[in-house]
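# Overview (structure and organization)
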Amino acid sequence: MPHVITQPCCNDASCVPVCPVGCIHPTPDEPGFASAEALYIDPASCIDCGACVAECPVGAITRDTAPAAGRFLDLAEAYYQRNPLPPGIPDASPPAARAEIEELRVAVVGSGPAGAYAALELLEHPGATVTMFDRLPTPWGLVRGGVAPDHPSTKSVTEVFERAAANGRFRFHLNVEVGTHITHDELAAAHHAVVYAYGASGDRRLGIPGEDLPGSASATEFVNWYNGHPDFIDRTFDLSCRRAVVVGNGNVALDIARLLVADPAELAATDMADHALAALAAGTIEEVVVLGRRGPAQAAYTTPELLALTDLDGADVLALPDEARLDPDQLAALRSDPIGLAKAQAAAELTTRHRSASRRIVLRYLYSPLEISGDQRVTGVRVARNRLEHGPGGGVRAVPTGIEETIEAGLVLRAVGYRGAALSGLPFDHDRGVLPNDFGRVLAGTGEPIPGVYTAGWIKRGPSGGIGANKKCALDTVAALLADHSAGLLPAPATTPQDLDALVRQRRPTAVGVHEWRAIDRTERDLGAVQGRPRRKLASFPALLAVAHGEDSMPTIPLPIDADGFRL
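Thresholds, definitions, all that
Residues numbered from 1 in each chain as written. Predicted model: local features only at pLDDT ≥ 70, side-chain atom pairs only at ≥ 80, totals over all residues. Heavy atoms only, no water. Helix = DSSP H or I, 4+ residues; strand = E, 2+ residues; numbered from the N terminus. Rg over C-alpha atoms; globule rule 2.2 N^0.38 Å. Buried < 20%, exposed > 50% of the residue type's maximum accessible area, 1.4 Å probe, protein only. Contact = heavy atoms within 4.5 Å. Areas by Shrake-Rupley, 256 points an atom, 1.4 Å probe, with all protein chains shown as cover. Pairing = 2+ DSSP bridges. Polar contact = N/O pair within 3.5 Å; in protein donor to acceptor, adjacent residues only side chain to side chain. Axes fitted to C-alpha atoms, helices over the stretch in contact; angles between N-to-C directions. Parallel < 35°, antiparallel > 145°, perpendicular 65-115°, else oblique. Left-handed = near helix turned anticlockwise from the far one by under 90°. Nonpolar A, V, L, I, M, F, W, Y, C, P; charged D, E, K, R; others polar. pLDDT = per-residue confidence, 0-100. Disulfide = S-S within 2.5 Å. Core = buried A, V, L, I, M, F, W, Y, C linked by side-chain atoms within 4.5 Å. Salt bridge = Lys/Arg side-chain N within 4 Å of Asp/Glu carboxyl O.

## Topic: the overall build of the protein
Scanning the protein for helices and strands turns up 20 helices and 22 strands. Relative to the 2.2 N^0.38 estimate, which gives 24 Å for 568 residues, the radius of gyration of the protein is 24 Å and therefore close to what a compact globule would have. Each principal axis of the C-alpha distribution contributes one length, and for the protein these read about 65 × 60 × 50 Å. By the burial criterion, 54% of the 568 residues in the protein qualify as buried. Here the analysis covers contacts within the protein between residues at least 6 apart in sequence; of these, 76% occur between residues at least 24 apart. Counting only carbon and sulfur atoms, one obtains 53% of the accessible surface of the protein, whose full area is about 24,500 Å².

## Concerning unusual backbone geometry
In this chain, His25 is followed by Pro26 through a cis amide linkage whose omega measures -5°. Along the chain, the position of Pro26 falls in the loop between β2 (24-25) and β3 (40-41). The backbone of Asn175 shows a phi angle near 60°, a positive value even though the residue is not glycine. Positionally, Asn175 belongs in the loop between β7 (170-174) and α7 (184-189). Note on Asn175: relative accessible area 0%, which makes it buried.

## A few points about the pairing of strand β13 (residues 315-319)
Counting buried residues in β13 gives 5 out of 5 residues, a clear majority hidden from the surface. Because side chains alternate across β13, one face comprises the buried residues Ala315, Val317 and Ala319, and the other comprises Asp316 and Leu318, equally buried. Examined bridge by bridge, β13 and strand β14 (residues 359-364) share 5 bridges and lie parallel to one another. Bridge pairing in β14 places Asp316 opposite Arg360.

## What to know about the environment of Thr510
Tracing the backbone through its elements, the reader meets Thr510 in the loop between α18 (497-507) and α19 (514-530). Sequence separation of Thr510 and Pro137 is 373 residues, and the distance between their C-alpha atoms is 9.0 Å. Contacts of Thr510, omitting those with residues within four sequence positions, involve Asn175, Leu545 and His549. Side chain to side chain, Thr510 and Asn175 meet in a polar contact 3.0 Å long.

## Thoughts on the sheet that holds strand β20 (residues 437-438)
Strand order in the open sheet made by the 7 strands is β7-β6-β5-β8-β22-β21-β20, with mixed pairing throughout. Both edges of this open sheet fall to β7 and β20, since each of them pairs with a single strand only. Relative to strand β22 (residues 449-455), strand β8 (residues 193-196) runs parallel, the two being bridged by 3 bridges. Looking across to β22, one finds that Val195 is bridged to Tyr454.

## Quick look at the packing of α19 against helix α20 (residues 541-548)
Packed helix pairs are characterised by how far apart their axes lie and by the angle those axes make with each other. At their nearest, the axes of α19 and α20 sit 8 Å apart, and the two run at 110° to each other. If you check the angle between α19 and α20, you find them roughly perpendicular. As for the relative orientation of α19 and α20, their crossing is right-handed in sense. Here Glu516, Ala519, Ile520, Thr523 and Glu524 of α19 lie close against α20, whose contacting residues are Leu544, Val547 and Ala548. When its residues are assigned to classes, the contact of α19 with α20 shows 5 nonpolar, 1 polar and 2 charged.

## Some remarks on the confidence of the model for the protein
Taken over all residues, the pLDDT of the protein has a mean of 88, while the share at 70 or more is 91%. A low-confidence stretch, residues 91-95 stays under pLDDT 50, and its non-local contacts, those more than four residues away or across chains, total 3 contacts. Residue range residues 559-568 is modelled with pLDDT below 50. Its contacts to residues more than four positions away, or to other chains, number 19 contacts.

## A few points about the state of the cysteines
Under the defined criterion, the tally for this structure stands at 0 disulfides. Of all cysteine sulfurs, the one in Cys19 lies closest to Cys23, which takes part in no disulfide; the gap is 3.6 Å.

## Notes on the nonpolar core
As a rule of thumb, nonpolar side chains are buried together in soluble globular proteins. In terms of nonpolar packing, the biggest core is built from 64 residues, with Ile24, Leu104, Phe161, Phe170, Phe172 and Leu481 touching the most fellow members. Of the residues forming this core, the biggest block, 8 residues, is contributed by helix α3 (residues 113-123). Residue contacts for Ile24: discarding those within four places in its chain leaves Ile5, Cys15, Val16, Cys19, Leu39, Tyr40, Ile41, Cys52 and Tyr80. Formed by 60 residues, the second largest nonpolar core is a distinct cluster that contains Ala219, Phe222, Val317 and Val396.

## Here's the deal with the pairing of strand β11 (residues 243-247)
The element β11 is largely enclosed, with a buried count of 5 among its 5 residues. Neither face of β11 is left uncovered, since the one carrying Arg243, Val245 and Val247 and the one carrying Ala244 and Val246 both have all their residues buried. The sheet contact formed by β11 and strand β12 (residues 287-291) spans 5 bridges and is parallel. Following the sheet pairing, Val247 is matched in β12 by Leu291. Note: β11 against strand β18 (residues 411-414), 4 bridges, orientation parallel. By the bridge assignment, Val246 is partnered in β18 with Leu413.

## Here's the deal with the pattern of salt bridges
Counted according to the given criterion, the structure contains 32 salt bridges. A salt bridge links Arg205 to Glu211, with the shortest nitrogen-to-oxygen separation between them at 3.6 Å. Accessibility expressed as a relative area gives 47% for Arg205, which makes it partly exposed. Of the residues examined, Glu211 reaches a relative accessible area of 4% and is grouped as buried. A salt bridge links Arg242 to Glu286; its shortest N-O distance comes to 3.9 Å. Of this pair, Arg242 sits in the loop between α8 (219-226) and β11 while Glu286 sits in the loop between α11 (274-282) and β12, and the two are 44 residues apart along the sequence. According to the relative accessible area criterion, Arg242 is partly exposed, its value standing at 42%. Here Glu286 falls in the partly exposed class, since its relative accessible area comes to 37%. Because the salt bridges share partners, they merge into one network encompassing Arg144, Asp521, Glu524, Arg525 and Arg535.

What follows is the structure in structure tokens.
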């Protein structure tokens with residue numbers, strides 16, 4: 001029986017090279033990889049060897065007899081109907097030969113997926129050493145601070161990243177901000193190369209009246225708050241209203257909507273921050289409206305994320321027929337867009353799927369926000385109805401119809417994208433919010449590559465794509481770095497690693513190394529084990545640093561739930 005890749009597939013493609021019959025596609029070398037919602041196992045070619053199951057870092061591969069496999073098997077079959085494999089069973093590709101490297105010292109700025117994958121790839125070469133910097137005392141970026149707490153399998157990819165931390169040629173300098181505590185020039189002087197992979201932590205604005213009213217916030221703030229980011233521990237959200245509106249319909253918007261209506265008892269078993277657990281348990285939100293300016297076929301979320309949303313217990317998920325149904329012209333246009341067609345069909349199913357649940361998510365399509373209304377705080381959102389206009393090149397844009405309505409709400413969260421920020425000492429493309437680069441080589445104002453300076457991840461290409469896309473992006477950057485090293489284009493370090501360590505200790509005595517991170521990780525896991533949770537996050541800088549530096553190996557944190565483990 002064949003295996004099936006289900007939600008959440010991280011798309012890091014680690015399953016591809018281990019498949020002995022080459023039945024997992026698209027591969028990173030194929031044109032459709034960057035835009036694929038997931039990878040797919042060909043049901044007709046799979047030989048049920050299980051090699052991919054052992055390799056998958058997030059546990060997303062199962063047999064087709066599993067309860068949730070059916071819908072994903074349908075997606076896989078549809079993919080291979082459009083993209084048939086050539087006849088015959090290909091041989092597994094042999095591992096690529098590793099170039100011999102005598103010495104290569106690289107600094108990686110940013111410890112999220114792109115930085116972690118870059119470090120892992122560099123450490124495959126025995127002569128390479130990697131020093132990773134991050135401004136937070138904890139590593140792994142958006143996997144720790146962005147992945148929804150109720151997606152623990154996705155978070156398990158950090159076990160792959162921990163392989164870098166366990167390598168003797170790897171060092172952490174966490175709680176150290178490059179550009180503030182250490183300059184780019186000082187970093188470059190101690191290494192052959194520096195890879196900037198610090199992501200895109202800013203948020204995009206709507207640019208409409210009322211956006212700054214109390215009760216209006218960005219998804220970035222909300223996600224960081226419920227995931228225990230220490231910068232947001234003092235942020236508060238009033239969840240005492242009946243309805244919330246999430247503007248935007250990407251995966252982050254669906255995450256927020258799902259968590260706002262989730263059963264507090266289920267969230268209490270996750271690693272969600274304690275303050276968020278308490279606030280959500282006390283909240284009174286009954287309905288979350290997810291607002292998209294175009295139709296379901298153009299939604300930014302992935303089909304697997306939408307399908308997973310329908311598995312919610314105690315909450316209904318629905319769409320309105322006049323917004324989600326497809327007319328003949330739209331259906332014809334989607335014949336060449338299988339991903340859009342799958343999204344539209346999944347949304348259409350929600351127009352007839354209603355239960356008598358106490359909470360619900362309503363997916364609204366073809367509406368743009370005009371104004372967030374309210375006097376002292378948010379009371380609603382004024383929205384405009386759109387129609388879709390198909391361009392000659394296949395593009396679809398939303399055109400206002402002149403019809404308006406107001407959706408009453410006490411909370412509005414904008415989930416319309418992230419944005420990268422400039423870093424002192426580096427060039428920056430303010431229009432795109434990225435470091436200007438050519439295949440990962442950072443470019444000076446003249447358009448020429450800056451020797452030894454590279455970038456990967458969202459700050460390289462913009463905030464799009466998930467964990468797997470960041471892996472491919474990081475490997476491409478490392479390939480460029482190694483090619484430049486082989487060609488003798490990297491500058492020789494002017495200072496030693498010991499010089500840099502001394503500088504870090506002088507300017508940032510509270511820096512966190514691998515040993516200190518292990519203390520934080522161990523303490524959080526131990527605290528979580530008491531309540532049957534994967535971890536209980538330390539969500540403030542003082543608590544994190546106290547544990548890191550041995551001041552308190554088991555801090556006392558007030559419990560947000562009662563003795564039954566469910567409610568306040």
